[in-house]
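# Fold and geometry: a report
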Amino acid sequence: MRLLSASEIAQGLIEGSLHLGVTGEDLLHDLSPDGPVDFEVLKRLGFGGADVVVAVPQAWFDVDTMADLEAAGAAFRKAHHRRLRVATKYLRITRRYFAQKSVGEYRLVESAGATEAAPATGTADVVVDITTTGATLRANGLKVLDDGVILQSQASLTRSVRAPWSEEANAIVQSLMRQPGTGTKRPL
């Protein structure tokens, strides 16, 4: 057993240097080059919950969906000769979601903290951030798009798909999953 930061656990699970760990799903999805095929969530643990969301200024009264954001991005680029800037620490999640929603008129701005303040400070136009209640976003004059919840994250017991799994390691996980309160997802 090792005690590591949540991001170190997620990275270790994805690369296969750890077999099993508890970490946030947001980190797993963002650190994974290939998405959810790089790990297997065995059990969502019911704590540490937060949503990864797309938020725009409340003053953008005509932007309520990702399709509206794409249209606004095209108009913005024509008027300002630059793409919308999207502040986030979730670079991969954002790219995947924006591609899924056919949004291309943007440029990512990596955020190290206080992402929700980026539009007010002029460093970005839109944010992709994590929120529990939305209060901080609202306090910064932002609203979550109607279809802007990218991921509902929480702490999860997660298995590496790249780690070398012996029969003994699989038996330990099976035993752990049979413990009261853990439930089972499927045989490993």
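Right, let's walk through the structure included here. These numbers come from a predicted model, not from an experiment.

Reading the values: the criteria
Residues numbered from 1 in each chain as written. Predicted model: local features only at pLDDT ≥ 70, side-chain atom pairs only at ≥ 80, totals over all residues. Heavy atoms only, no water. Pairing = 2+ DSSP bridges. Helix = DSSP H or I, 4+ residues; strand = E, 2+ residues; numbered from the N terminus. Axes fitted to C-alpha atoms, helices over the stretch in contact; angles between N-to-C directions. Contact = heavy atoms within 4.5 Å. Salt bridge = Lys/Arg side-chain N within 4 Å of Asp/Glu carboxyl O. Buried < 20%, exposed > 50% of the residue type's maximum accessible area, 1.4 Å probe, protein only. Phe/Tyr/Trp six-rings, centres within 6.5 Å; stacked < 30°, edge-to-face > 60°. Expected span 1.5 Å × (residues − 1). Arc of directions from axis to C-beta. Right-handed = clockwise from strand over helix to strand, strands pointing away.

### Quick word on the sheet that holds strand β1 (residues 20-24)
- Taken together, 3 strands build an open sheet; the order of strands is β1-β8-β2 and the sheet is antiparallel. Of all strands in the sheet, those bounded by a partner on one side alone are β1 and β2 (39-44). Across the sheet, the axes of successive neighbouring strands diverge by a mean angle of 40°, strand direction being ignored.
- With 5 bridges joining them, β1 and strand β8 (residues 155-160) adopt antiparallel strand pairing. Across the sheet, residue leucine 20 finds its bridge partner in β8, namely arginine 159.
- Lying over the sheet, helix α1 (residues 6-15) contacts β1, β2 and β8, oriented at roughly 130° with respect to β1.

### Notes on the pattern of salt bridges
- Following the criterion strictly, the structure yields 9 salt bridges and no others.
- Arginine 159 serves as the salt-bridge partner of glutamate 40, at 3.9 Å between the closest nitrogen and oxygen. Here the residue glutamate 40 occupies a position in strand β2, and arginine 159 occupies one in strand β8, the gap between them amounting to 119 residues. For the pair shown, glutamate 40 and arginine 159 are each scored as buried.

### Side note on the pairing of strand β6 (residues 126-131)
- Burial runs high along β6: 5 of the 6 residues are buried.
- Bridge analysis of strand β3 (residues 50-57) against β6 gives 5 bridges, and the strand direction is antiparallel. In the strand pairing of β6, valine 53 is matched with aspartate 129.
- In terms of strand pairing, strand β4 (residues 84-88) meets β6 through 3 bridges, oriented parallel. Among the inter-strand pairings, threonine 88 is bridged to a residue of β6, identified as valine 128.

### Here we look at the packing of aromatic side chains
- Enumeration over the complete set of coordinates arrives at 1 aromatic pair.
- Measuring from ring centre to ring centre gives 4.7 Å for phenylalanine 98 and tyrosine 106, while their planes differ by 65°; the resulting arrangement is edge-to-face.

### Overview of the environment of valine 126
- Its location among the elements puts valine 126 in strand β6.
- Considered as a pair, valine 126 and histidine 19 are 107 residues apart in the sequence and their alpha carbons are 37 Å apart.
- Not counting the four nearest positions on each side in its chain, valine 126 is found in contact with Val54, Ala55, Val56, Trp60, Leu69, Leu84, Arg85, Val86 and Ala87.

### Observations regarding helix α3 (residues 66-80)
- In this model, α3 (15 residues) spans 20 Å end to end at C-alpha, consistent with the 21 Å of a helix rising 1.5 Å per residue.
- Taken together, the buried positions of α3 are occupied by Met66, Leu69, Gly73 and Phe76. All buried residues of α3 lie within an arc of 70° about the axis, which places them on one face of the element. Opposite its buried face, α3 presents the exposed residues Ala67, Lys78 and Ala79, each directed more than 90 degrees away.

### A few points about the pairing of strand β5 (residues 106-110)
- Taken together, the 5 bridges between β4 and β5 define a ladder with parallel strand orientation. Each bridged residue has a counterpart across the sheet, and for threonine 88 the counterpart in β5 is glutamate 110.
- Handedness of the crossover is the feature at issue here: the chain leaves β4, passes through helix α4 (residues 91-100), returns alongside β5, and the resulting connection is right-handed.

This is a description of form; function is not addressed.
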